[in-house]
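Topology and contacts: notes
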Amino acid sequence: MSTSAGDYLSSGPRFAEGEVIERIESFRRRRPRLLDDHVTLAHGAGGKASAALIDAVFVEAFRNPLLETLGDAAVLTLPGGERLAMSTDSFVVAPRRFPGGSIGRLAVHGTCNDLAMAGAVPAWLSAAFVLEEGFAIGELKEIVADMAAAAAEAGVQIATGDTKVVPRGAADGLFINTTGAGVIPAGRALRAHSVRAGDKVLLSGSMGDHGMAVMLARGDLDIEADIRSDTASLSPLVELLLAAAPSTRWLRDATRGGVGTVCNELAQACGLGVLLTEDRLPVAPMVNGACELLGIDPLYVANEGKFVAVVGPDEAPAGLAALRSHPLGARAAEVGEIVTEPAETVVLRTGFGGTRIVDMLVGDPLPRIC
């Protein structure tokens, strides 16, 4: 789930009460309507179809102030005033092992990263497994070992879990769900409504590595390229950024739907525009070449080790330097800025000097990539 205009309900001086309500209602009117009678793969792609399904089915049924913010992690305030972030995610990637990672490593990194984007330090995970009858115990041990190694590297404990077995043919071998919790340090708040015109947009590294690595690992395409998934725990990189740029406004890892969809979610949530500069967007040459052959825009390809950050203009240089000081952020770049017009829209300034609108992802060009 992604950040929504529900963030405007959080405390903050930017909007008067009437304007807050007007913006929330405007946001809800803009959200795509669910017109489908059956679930399609597009509903899991993180774009327009996903937003419509979430709004019409899940938010409609479970509506409450915590859920309506639609963040990747819910922020929970304990009776003593301490704040926790909690997130849950399911992993159905095919193939289960790919260059640079596996479903096991992805299951740990994905949930830890959602917590980090809320400003939390990940601490605990649960792990639930849905196993198909006939699944090889040897492969299961390898995947669990990957999870254990990833958890140790991320500094989190897998504290509880569950296992279910379904009949042969009722699942594609193995599905994993992880739920995580982490502590948010006092004074730290990352919200879309904190974003201001003139803020800078930072991207922590090159786009599309994970989605292309998984796509090519399936072997369905006659394309040979040394592309590895970027799956990684981003918490150390986030902590470096927040230390160097403590007034960072907003973070989001660019997973399903890629950077293009994440920036659209930001624009709609904050009521401002996002202006990206094409020449500054980092894309590895092999990833760019594979995308061109497949007719896919790298802006919409999933990442599992990259995030978008909005930072005040005065802190952007220090924030960018901090990102580049870490191996995970070596290719970090300032890729755009927040503008007042066109409001609630993402615009790309092309290398030819023109501009084009970057809409939310429509359809699902790369199914089962996480």
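Thresholds applied
- Residues numbered from 1 in each chain as written.
- Predicted model: local features only at pLDDT ≥ 70, side-chain atom pairs only at ≥ 80, totals over all residues.
- Heavy atoms only, no water.
- Domains from an automatic or database assignment.
- Buried area = accessible area lost by both parts, 1.4 Å probe.
- Salt bridge = Lys/Arg side-chain N within 4 Å of Asp/Glu carboxyl O.
- Polar contact = N/O pair within 3.5 Å; in protein donor to acceptor, adjacent residues only side chain to side chain.
- Helix = DSSP H or I, 4+ residues; strand = E, 2+ residues; numbered from the N terminus.
- Nonpolar A, V, L, I, M, F, W, Y, C, P; charged D, E, K, R; others polar.
- Contact = heavy atoms within 4.5 Å.
- Buried < 20%, exposed > 50% of the residue type's maximum accessible area, 1.4 Å probe, protein only.
- pLDDT = per-residue confidence, 0-100.
- Expected span 1.5 Å × (residues − 1).
- Arc of directions from axis to C-beta.
- Pairing = 2+ DSSP bridges.
- Axes fitted to C-alpha atoms, helices over the stretch in contact; angles between N-to-C directions.
- Core = buried A, V, L, I, M, F, W, Y, C linked by side-chain atoms within 4.5 Å.

Our focus in this paragraph is the domain arrangement of the chain. Taken as a whole, the chain is organised into domain 1 (73–184) and domain 2 (192–358). Among the residues of domain 1 in contact with domain 2, Pro99, Asn113 and Met117 are the three that bury the most area, contributing 35% of the side total. Our count for the domain 1 to domain 2 interface comes out at 0 salt bridges. Between the two partners, domain 1 and domain 2, sit 7 residue pairs in polar contact (both at pLDDT 80 or more). Of all elements in the fold, only α4 (103–117) and β5 (121–132) reach the threshold of two or more residues within the side of domain 1 that touches domain 2. Counting residues per element, the side of domain 1 that touches domain 2 draws most heavily on α4, which supplies 9 residues. Across the side of domain 1 that touches domain 2, the residue classes break down as 12 nonpolar, 5 polar and 2 charged.

Here we come to the environment of Met286. Take Met286: it is sitting in helix α9 (residues 285–294). Ignoring anything within four residues of it in the chain, the contact list for Met286 reads Ala225, Asp226 and Ile227.

A cis amide bond links Ala94 to the next residue, Pro95, at an omega of 0 degrees. Locating Pro95 in the fold gives a position in the loop between β2 (83–91) and β3 (97–98). A positive phi angle, near 55 degrees, is found at Leu70, a position not held by glycine. Locating Leu70 in the fold gives a position in the loop between α3 (65–68) and β1 (74–77). The residue Glu344 is not glycine, and still its phi comes out positive at about 60 degrees. The residue Glu344 is located in the loop between β12 (333–339) and β13 (346–349) in this model. Look at Glu344 and you get partly exposed, because its relative accessible area is 24%.

Okay, the confidence of the model for the chain next. When pLDDT is averaged across the chain, the result is 89; 91% of the residues are at 70 or more. Long-range and interchain partners of residues 1–29, a stretch whose pLDDT sits below 50, account for 66 contacts in this model, where long-range means more than four residues apart.

On to helix α5 (residues 137–154), then. With 18 residues, α5 extends 26 Å between its outermost C-alpha atoms, agreeing within 8% with the 26 Å of an ideal straight helix rising 1.5 Å per residue. Considered for burial, the residues of α5 that qualify are Leu140, Ile143, Asp146, Met147, Ala150, Ala151 and Ala154. The buried side chains of α5 occupy one side of the element, clustering within an arc of 130 degrees when seen end-on. Set apart from the buried face of α5 by more than 90 degrees, the exposed residues are Ile137, Lys141, Ala152 and Glu153.

Turning next to the sheet that holds strand β9 (residues 250–253). Sheets are built from strands that pair by backbone hydrogen bonding, the pairs being arranged parallel or antiparallel. Sheet architecture is open: 7 strands sit in the order β9-β11-β8-β12-β10-β13-β14, paired in mixed fashion. If you trace the sheet from one side to the other, it starts and ends with β9 and β14 (355–357), each paired once. The sheet shows a mean angle of 25 degrees between the axes of neighbouring strands, direction not considered. Across 4 bridges, strand β8 (residues 200–203) lies against β12 in antiparallel orientation. Counted as the bridge partner of Val201 is Gly336 from β12. Sheet strands in contact with α4 are β9 and β11 (307–311), and its direction is about 170 degrees off that of β9. Running over the sheet, helix α7 (residues 235–244) touches β8, β9 and β11 and is turned about 10 degrees from β11.

Moving on, we come to the nonpolar core. In globular proteins that are soluble, nonpolar side chains generally tend to be buried together. Core analysis: the largest hydrophobic core is formed by 70 residues, its most contacted members being Met212 and Val274. Among the elements that take part in this core, helix α8 (residues 258–270) stands out by supplying 7 residues, more than any other. Not counting residues up to four positions away in its chain, the partners in contact with Met212 are Ile227, Val287, Ala290, Cys291, Leu294, Ile296, Val301 and Leu366. Counting 18 residues, the second-largest nonpolar core is a separate cluster that includes Ala116, Leu234, Phe307 and Leu320.

Pairing within the open sheet is mixed, and its 5 strands lie in the order β1-β2-β7-β5-β6. The outermost strands of the open sheet, each flanked by one partner alone, are β1 and β6 (157–166). The average undirected angle you get between the axes of adjacent strands in this sheet is 20 degrees. Strand direction decides the pairing type here: β2 and strand β7 (residues 174–184), joined by 9 bridges, are antiparallel. Paired with Met86 across the strands is Ala181, a residue of β7.

Turning our attention to the side chain of Ser235. Position of Ser235 relative to the elements: it lies in helix α7. In this structure, Ser235 is in contact with Asn113, Ala116 and Pro122, ignoring residues within four places of it in sequence.

Applying the stated rule across the entire model yields 17 salt bridges. Residue Arg63 is joined to Glu68 by a salt bridge in which the shortest nitrogen-to-oxygen separation is 2.5 Å. For Lys306, the salt bridge goes to Asp230, with nearest N and O atoms at 3.2 Å. On the criterion of sequence distance, the pair formed by Lys306 in the loop between α9 and β11 and Asp230 in the loop between α6 (209–217) and α7 is long-range, its members being 76 residues apart. The two residues Lys306 and Asp230 agree in class, both being buried. What emerges from the salt-bridge pattern is a single network uniting Glu60, Arg63 and Glu68.

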